[in-house]
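Spelled out from the first residue to the last, the chains are:
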Amino acid sequence: MIKIALANQKGGCAKSTTSVNLAACLAAKNKKVLLIDADPQAHATIHLGVNPYQMEHTLYDLLLHNKKAKDVIVQTATKNLHVIPSHIDLSAAEIELVTHIGRESVLRDQLKGLGKKYDYLLIDCPPSLGLLTINALNAVDRIIIPIQAEFFALEGSGKLLQTVDVIKERLNPKLEVYKVLITRYDSRKNICKDVADKIGQHFAKKVFKTKIRENVKLAEAPSYGKPITTYAPNSNGKKDYASLAKEVIKDG
Ligand SMILES: Nc1ncnc2c1ncn2[C@@H]1O[C@H](COP(=O)(O)OP(=O)(O)OP(=O)(O)O)[C@@H](O)[C@H]1O
Ligand SMILES: [Mg+2]
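Residues numbered from 1 in each chain as written. Chains lettered and ligands numbered in written order. Predicted model: local features only at pLDDT ≥ 70, side-chain atom pairs only at ≥ 80, totals over all residues. Heavy atoms only, no water.

## Things to note about the site of ligand 1
Then step 1. The environment of ligand 1 is formed by 18 residues, the closest being K15, S16, T17, R184 and N215.
Then step 2. For ligand 1, an oxygen atom lies 3.0 Å from a polar atom in the backbone of C13.
Then step 3. The backbone of N215 places a nitrogen or oxygen atom 2.9 Å from a nitrogen atom of ligand 1.
Then step 4. Alone, ligand 1 offers 630 Å² of accessible surface; in the complex the protein occludes 84% of this.
Then step 5. Of all the secondary structure elements, the ones that give two or more residues to the shell around ligand 1 are α1 (15-28) and α10 (216-220).
Then step 6. Counting residues per element, the shell around ligand 1 draws most heavily on α1, which supplies three residues.
Then step 7. Of the residues assigned to the shell around ligand 1, the class counts are six nonpolar, six polar and six charged. (Near = heavy atom within 4 Å. Polar contact = N/O pair within 3.5 Å; in protein donor to acceptor, adjacent residues only side chain to side chain. Areas by Shrake-Rupley, 256 points an atom, 1.4 Å probe, with all protein chains shown as cover. Helix = DSSP H or I, 4+ residues; strand = E, 2+ residues; numbered from the N terminus. Nonpolar A, V, L, I, M, F, W, Y, C, P; charged D, E, K, R; others polar.)

So, in structure tokens, the structure goes:
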């Protein structure tokens, strides 16, 4: 199982949009995918058409009530795509976990044994570097950093890379920044081109060839509870995420 976290403490850079649509495009290529929604905002859960308030169990129960993964995994309307839903209660988990022994490793430990069932594990992180993100980074081997092509794009990336280094050193030696994904790209805007160039220089070769273009269908899809593969299968948004999935599969 290839385990990837979508992380950037900067808000609104398309972590959730990428988690859901990359997961759906991998699933469309016959890969078995588990998406974990580690953000109390539950955007990825809702985007997949799963109502977090109707769930008997969520990620919160996996982390704090010792529920087993199989008891919290939900099948979505998309074939091959399962989710561990989030819930607003998860915002308390960050504080409640503080007193737990091994608090940084709860998620990793609870996921042991899932590898045979899935080809990909994707984790949608919240916009912070707190315990939920640390648990996510400790449970994966790779990070995709979505960065929105805008003026403040790289602000905060130093702090993120520093956090990755500390987690790698102390908790998870396998952890690697896999690639940066440029999101909300608009080729008509000079600022987007400038930022894309800067990101290229900053992260050297660790940038996906695919850029996700600004696309209104991607912004509409969450309110219909559908990934882009079913909401707008002919859109540029779908083309871009399908191209990203191809790159991810090719990288192996
Ligand atoms: N390529 C795109 N084109 C148009 N809108 C987009 C695109 N990508 C993301 N959006 C919109 O931008 C907003 C932020 O995206 P998203 O929620 O995925 O970011 P996030 O990083 O998960 O945010 P948060 O940090 O709050 O978790 C959403 O309204 C989303 O629909
Ligand atoms: Mg999000």
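## Here's the deal with the sheet that holds strand β5 (residues 120-124)
Then step 1. In spatial order, the strands read β3-β4-β2-β5-β1-β6-β7; together these seven strands make up an open sheet with mixed pairing. Both outer strands of the open sheet, β3 (74-75) and β7 (176-183), are each paired with one neighbouring strand and no more.
Then step 2. Pairing analysis gives three bridges linking strand β1 (residues 2-6) to strand β6 (residues 142-148), with the strands arranged parallel. Opposite A5, over in β6, you have I143 as the bridge partner.
Then step 3. Relative to the sheet, helix α7 (residues 131-139) contacts β1, β5 and β6, its axis offset from that of β5 by approximately 165°. (Pairing = 2+ DSSP bridges. Contact = heavy atoms within 4.5 Å. Axes fitted to C-alpha atoms, helices over the stretch in contact; angles between N-to-C directions.)

## Observations regarding α1
Then step 1. Between the first and last C-alpha of α1 there are 20 Å, a value that for 14 residues agrees with the 20 Å anticipated at 1.5 Å per step.
Then step 2. Burial within α1 is extensive, with 12 of its 14 residues counted as buried.
Then step 3. When we look at burial in α1, the residues that qualify are K15, S16, T18, S19, V20, N21, L22, A23, A24, C25, L26 and A27.
Then step 4. Following α1 by one or two positions, N30 adopts a phi angle in the positive range, close to 70°. (Expected span 1.5 Å × (residues − 1). Buried < 20%, exposed > 50% of the residue type's maximum accessible area, 1.4 Å probe, protein only.)

## So, the pattern of salt bridges
Then step 1. In this structure the tally under the stated criterion is 10 salt bridges.
Then step 2. For D109, the salt bridge goes to K112, with nearest N and O atoms at 3.4 Å.
Then step 3. Taking relative accessible area as the criterion, K112 reaches 63% and is therefore assigned exposed.
Then step 4. When the shortest N-O distance is used, the salt bridge between E220 and K217 registers 3.6 Å. Taken together, the positions of E220 and K217, both in helix α10 and three residues apart, correspond to about one turn of that helix. (Salt bridge = Lys/Arg side-chain N within 4 Å of Asp/Glu carboxyl O.)

## Section: the packing of aromatic side chains
Then step 1. Counting across every chain of the model gives two aromatic pairs.
Then step 2. Relative to F208, the ring of Y178 has its centre 5.3 Å away and its plane inclined at 80°; by these criteria the two rings are edge-to-face. With Y178 in strand β7 and F208 in the loop between α9 (190-203) and α10, this residue pair connects regions lying 30 residues apart in the sequence.
Then step 3. By relative accessible area, which is 11% here, Y178 ends up buried.
Then step 4. Ring centres 4.9 Å apart and planes at 25° place the aromatic pair Y224 and Y231 in the stacked group.
Then step 5. Here Y224 falls in the exposed class, since its relative accessible area comes to 53%.
Then step 6. The positively charged end of R142 is found above the aromatic ring belonging to Y178, 4.7 Å away from the centroid. (Phe/Tyr/Trp six-rings, centres within 6.5 Å; stacked < 30°, edge-to-face > 60°. Lys NZ or Arg CZ within 6 Å of the ring centre and 35° of its normal.)

Function-wise, these values are silent; they only describe arrangement.
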